[in-house]
Amino acid sequence: MRRRAPTGPGTVSYRTDLPSVEGLRNLHLLLGYIRERQEHKDRWVTAFEESSAPYAFIWGRRDPVSGDHILQHLAARLPKAAFTPLDDVGHYPQVEAPDETATALTGFLSPDPAPRYGT
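Not measured: the values here are computed from a predicted model. (Residues numbered from 1 in each chain as written. Predicted model: local features only at pLDDT ≥ 70, side-chain atom pairs only at ≥ 80, totals over all residues. Heavy atoms only, no water.)

Points about the overall build of the protein chain
Rules: Comment: elements are numbered from the N terminus, with helices defined as DSSP H or I runs of at least four residues and strands as E runs of at least two. When a residue's accessible area, from a 1.4 Å probe over protein chains only, is under 20% of the maximum for its type it is buried; when over 50% it is exposed; and in between it is partly exposed. By definition in these notes, contact holds between two residues if any of their heavy atoms fall within 4.5 Å. Only the protein chains shown count as cover for residues, with accessible areas throughout obtained via the Shrake-Rupley method and a probe of 1.4 Å.
From N to C terminus, the protein chain includes five helices and two strands. Reading the helices (α) and strands (β) of the protein chain from amino to carboxyl end gives α-α-β-α-β-α-α. Buried positions account for 20% of the 119 residues belonging to the protein chain. Long-range pairs, those at least 24 residues apart, make up 63% of the contacts in the protein chain between residues at least 6 apart in sequence. Surface exposure of the protein chain reaches about 9,100 Å², of which carbon and sulfur atoms provide 57%.

Describing the pattern of salt bridges
This is how the line gets drawn: For salt bridges, the criterion is a side-chain nitrogen of Lys or Arg within 4 Å of an Asp or Glu carboxyl oxygen.
A full pass over the atoms with the stated rule returns five salt bridges. Glutamate 39 serves as the salt-bridge partner of arginine 35, at 3.2 Å between the closest nitrogen and oxygen. Linking arginine 35 with glutamate 39, this pair stays in helix α2 (residues 32-50), spanning four residues, or about one helical turn. The residues arginine 35 and glutamate 39 share a single accessibility class, namely exposed. For aspartate 68, the salt bridge goes to arginine 61, with nearest N and O atoms at 2.5 Å. Put simply, Arg61, Asp68 and Asp87 are held in one network by salt bridges that share partners.

Regarding the nonpolar core
Note the threshold: For our purposes a nonpolar core is just a set of buried Ala, Val, Leu, Ile, Met, Phe, Trp, Tyr and Cys residues, chained together by side-chain atoms within 4.5 Å.
By size, the foremost hydrophobic cluster in this structure holds eight residues: Phe57, Trp59, Leu71, Leu74, Ala75, Leu78, Ala81 and Phe83. Of all the secondary structure elements, the ones that give two or more residues to this core are β1 (56-60) and α3 (68-77). Top contributing element to this core by residue count: α3, with three residues. Excluding anything up to four places from it in sequence, tryptophan 59 contacts Ser66, Gly67, Ile70, Leu71, Leu74, Thr84, Pro85 and Leu86.

Description of the layout of surface pockets
The following threshold applies: Any residue with an atom within 4 Å of a point lines the site, the site being either a cavity, points on a 1 Å grid over the protein atoms alone where a 1.4 Å probe fits but cannot get out, or a pocket, an open set with protein on both sides within 12 Å along at least 5 of 7 lines. Grid points are joined across faces, edges and corners, and a volume is the space filled by probe spheres set on the points. Three classes are used: nonpolar for Ala, Val, Leu, Ile, Met, Phe, Trp, Tyr, Cys and Pro, charged for Asp, Glu, Lys and Arg, and polar for all others, with Gly counted as polar.
Taken as a whole, the second largest pocket spans an internal volume of roughly 180 Å³. Grouping the amino acids of the lining of the second largest pocket by side-chain chemistry returns seven nonpolar, two polar and three charged.

As for the pairing of β1
How we decide: Only strands that DSSP links by at least two bridges are regarded as paired with each other. A right-handed crossover is one whose linking path, passing over the helix from the first strand to the second, runs clockwise when the strands point away from the viewer.
The pairing of β1 with strand β2 (residues 82-86) spans five bridges and is parallel. Each residue of the ladder has a partner; that of phenylalanine 57, found in β2, is phenylalanine 83. Between the parallel pair β1 and β2, the chain is carried across by α3, and the sense of this crossover is right-handed.

No statement about biological role is implied by the geometric values presented.
As structure tokens, this is what we get:
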């Protein structure tokens, strides 16, 4: 079953409301991360791989930008990380699957987490 973002009073639709709040006028400002990602790639990758901090990834496999192929890459590069892949979820797990996301996050943050390894 494909999940859908919530609708109704107080919710914002990125597709319909973004233009009404002048979001499209400023959308290009959000894409600065692409240049930054290229510029700092080696430093960021090294920091991730060498850190002893615990990592948890809650990942939508249907994300059109960074879906399952990136999840597989991360799992190979960060074998000690906890992964919660969500099959019918896209780019916004916290919106599309809030219960599953909350369960995964609270499980990871609990005093005795039981991380899920692999994908």
